[in-house]
Amino acid sequence: MTPAPRSDRSESFGEALLGAVLDRAHELPPHLVGPLVADVVERLGGRRAQVLLQDYGQLMLVPLPGEGLVEGEPQPIDGSDAGRCFLDAVRVEVPRDDGVRVHLPLLDGGDQVGVMAVTLDGVDDHDRRLLHRLSGLVADLLVTKHGYSDLFFATRRDESMTVAAEIQWSLLPPLAMIMPRVAVAGVLEPAYDVAGDSFDYALNGDVLHAVMIDAMGHGLDAATVAIGAYRHARRAGIGLSEIYDFMDHAVAEQFGLEHFVTAQMMQLDTTTGRVQWVNAGHPSPLLVRGHRVAGRLAAPTTLPVGLGGAEPQISELGLERGDRVLCFSDGLVEEHKTGREEFGEDQLIACVNQLERTGRGVRAVTRSLSHTLKRARGGHTTDDATLLMVEWRG
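Residues numbered from 1 in each chain as written. Predicted model: local features only at pLDDT ≥ 70, side-chain atom pairs only at ≥ 80, totals over all residues. Heavy atoms only, no water.

**Regarding the pairing of strand β5 (residues 99-108)**
Where a strand is regular, its side chains alternate between the two sheet faces.
Right, on to step 1. In terms of burial, β5 is largely enclosed, as 8 of its 10 residues are buried.
Right, on to step 2. Where strand β4 (residues 92-96) folds back onto β5 in an antiparallel hairpin, the turn is made up of 2 residues.
Right, on to step 3. Inspection of the sheet shows β5 paired to strand β6 (residues 111-120) by 9 bridges, in the antiparallel sense. Paired with Pro-105 across the two strands is Val-115, which belongs to β6. (Buried < 20%, exposed > 50% of the residue type's maximum accessible area, 1.4 Å probe, protein only. Helix = DSSP H or I, 4+ residues; strand = E, 2+ residues; numbered from the N terminus. Pairing = 2+ DSSP bridges.)

**Thoughts on the pattern of salt bridges**
Right, on to step 1. Taken as a whole and judged by the stated rule, the model has 17 salt bridges.
Right, on to step 2. A salt bridge links Glu-93 to Arg-128; its shortest N-O distance comes to 2.7 Å. Taken together, the residues span a long stretch of sequence, with Glu-93 in strand β4 and Arg-128 in helix α4 (residues 125-145) at a distance of 35 residues.
Right, on to step 3. The class of Glu-93 is partly exposed, set by a relative accessible area of 28%.
Right, on to step 4. Its relative accessible area of 21% is what places Arg-128 among the partly exposed residues. (Salt bridge = Lys/Arg side-chain N within 4 Å of Asp/Glu carboxyl O.)

**Digging into the packing of aromatic side chains**
Right, on to step 1. Overall, the coordinates contain 2 aromatic pairs when judged by the stated rule.
Right, on to step 2. For the ring pair Tyr-56 and Trp-169, a centre distance of 4.9 Å and an interplane angle of 70° mean the geometry is edge-to-face. Of this pair, Tyr-56 sits in the loop between β1 (47-54) and β2 (60-63) while Trp-169 sits in helix α6 (residues 163-171), placing them 113 residues apart in sequence. Neither residue differs from the other here; Tyr-56 and Trp-169 are each classed as buried.
Right, on to step 3. Between Tyr-56 and Tyr-192, the ring centres sit 6.2 Å apart and the planes meet at 75°, which makes this aromatic pair edge-to-face. (Phe/Tyr/Trp six-rings, centres within 6.5 Å; stacked < 30°, edge-to-face > 60°.)

Right under this line is the structure:
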């Protein structure tokens, strides 16, 4: 039998370009990520390469320093070309006198790492294809290398951060996850001083697990124990009631009755849209349907974690395709100016309805909602104010 002829396996230009990143990636020191990007962009015929990272306050895109990269001033996320690319996760091309400035989202599992920008004399579909694949590699590099260096943390930080906030940020999962069946996005405020609030999630097979917690006061220790206990229990594969019981015992053993943690725990079957949840003294989530708040996920509650509550009742609801569930901490609605009434849930709902009309994804909506609410409170956040939105995409 005559063997089939072997296909051509010689290296093409595109393979050589992307191979320059792949071949060096595993031993590349973090501070050389930028220079490598600049070198590959130059080989593509581009110039003025930039890597822009989102700051912790989610207000600016900050240039990553590095030889060959354009540094410059931070760019606002709202109102800039790079910001539009970042918010909508789409390529943005801007004609300029010296060519075309191309902005590409740096995506990792749907989370926005930042934006890569490059100037070319002109752009065709071959350029777009190579740049799209290059931006994917760059995003992966930034994610894998950030744990080996403080460079990326320092770039994203534009003001001093408390020790408590430093610890909380180190415990957080990515702020967003966009998958075919489900999307998740969360926001923490104040970004540089958060301590008592936190959230966590994991997509295990077809089931999304999510939790939001609010530790009494600025209870960093209780929040850390609660999240650790939640992860341990979740990874053991037990149900929501058992997870609550495990967290409750863990916090009580550490702190007695001195600290407690309110919590909202959820499990979403991403194949059917069936969501189950347990409320441990937390504000009821909002159900957003048809881009409007359709009601609250009101349900029986049990005592906050750490106070020895009875076995919680598990509530259930069948979501419709496109439904969103918004969890929030009480600091979001209880904030008020001196001598004024609380911000309140009605204003929260009005803001959600207004932003939902934009039709944007959960990541952009939660970010805009957090900033809108902060402005409406006069820029004050005396307590942690956290949002977590889950969308069942069907």
